Amino acid sequence: MGDKCKQCKGGRFASISAKSSDRNSGQVDGVDFEGYVPDNIGIGGGDYIWVEWCLDCGQIVGAFPAAVVYEDDYDSYDNGGHPDNFGDR
Ligand SMILES: [Zn+2]
């Protein structure tokens, strides 16, 4: 890594990857979802949850603010699909 935390300038990070496939449920910006990991909420996408964060302050490493998520996008997850045009990563 060698990077510094944007928030606290610390240099200690942790990350975790979890293959949760389509067994996720949660809420994004007030919208419930079930199925695969949404691609544009900064924690991975598709089959995998992937998160990296600062061990000093808890700041999540990633591109934020995340793109707006629309309810219609979740319909394709309910169908077991993996939309290609779900938004920018
Ligand atoms: Zn930090």
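In short, a report on the structure. (Residues numbered from 1 in each chain as written. Predicted model: local features only at pLDDT ≥ 70, side-chain atom pairs only at ≥ 80, totals over all residues. Heavy atoms only, no water.)

1. Here we look at the overall build of the protein chain
Alright, step 1. What the protein chain contains, in helices and strands, is one helix and five strands.
Alright, step 2. The helix and strand sequence of the protein chain, counted from the amino end, reads β-β-β-β-β-α.
Alright, step 3. Put simply, the protein chain has 89 residues, and 29% of those count as buried.
Alright, step 4. Long-range pairs, those at least 24 residues apart, make up 58% of the contacts in the protein chain between residues at least 6 apart in sequence.
Alright, step 5. Summed over its atoms, the accessible surface of the protein chain is roughly 6,000 Å², and 45% of this surface lies on carbon and sulfur atoms. (Helix = DSSP H or I, 4+ residues; strand = E, 2+ residues; numbered from the N terminus. Buried < 20%, exposed > 50% of the residue type's maximum accessible area, 1.4 Å probe, protein only. Contact = heavy atoms within 4.5 Å. Areas by Shrake-Rupley, 256 points an atom, 1.4 Å probe, with all protein chains shown as cover.)

2. Things to note about the coordination of the zinc ion
For a metal with four tetrahedral donors the ideal donor-metal-donor angle is 109.5 degrees, whereas six octahedral donors ideally subtend 90 or 180 degrees.
Alright, step 1. Protein coordination of the zinc ion is provided by Cys5 (SG), Cys8 (SG), Cys54 (SG) and Cys57 (SG), with donor distances spanning 2.3 to 2.4 Å.
Alright, step 2. Metal-centred angles of 105 to 114° between the four donor atoms at the zinc ion mark the site as tetrahedral.
Alright, step 3. Sequence positions of the residues that donate to the zinc ion give the spacing C-x2-C-x45-C-x2-C.
Alright, step 4. Exposure remark for cysteine 8: the relative accessible area of 33% places this residue in the partly exposed category. (Donors = N, O, S within 2.8 Å, 3.2 Å for Na, K, Ca; no water. Tetrahedral: all angles 85-135°; square planar, octahedral: opposite > 155°, others 65-115°.)

3. Section: the environment of aspartate 3
Alright, step 1. Turning to its location among the elements, aspartate 3 is positioned in the segment before strand E1 (13-19).
Alright, step 2. Through-space distance from the C-alpha of aspartate 3 to that of phenylalanine 13 is 9.1 Å; in sequence the pair is ten residues apart.
Alright, step 3. Beyond its immediate chain neighbours, meaning those up to four positions away, aspartate 3 contacts Gly10, Gly11 and Phe13.

4. So, unusual backbone geometry
Alright, step 1. Between phenylalanine 64 and proline 65 the backbone carries a cis peptide bond, its omega angle lying at 5°.
Alright, step 2. Mapped onto the elements, proline 65 comes out in the loop between strand E5 (48-54) and helix H1 (71-78).
Alright, step 3. The phi angle at serine 21 is positive, at roughly 50°, despite the residue not being glycine.
Alright, step 4. Assignment of secondary structure puts serine 21 in the loop between E1 and strand E2 (24-28).
Alright, step 5. Despite not being glycine, aspartate 29 shows a phi value in the positive range, around 50°.
Alright, step 6. Its location among the elements puts aspartate 29 in the loop between E2 and strand E3 (31-35).

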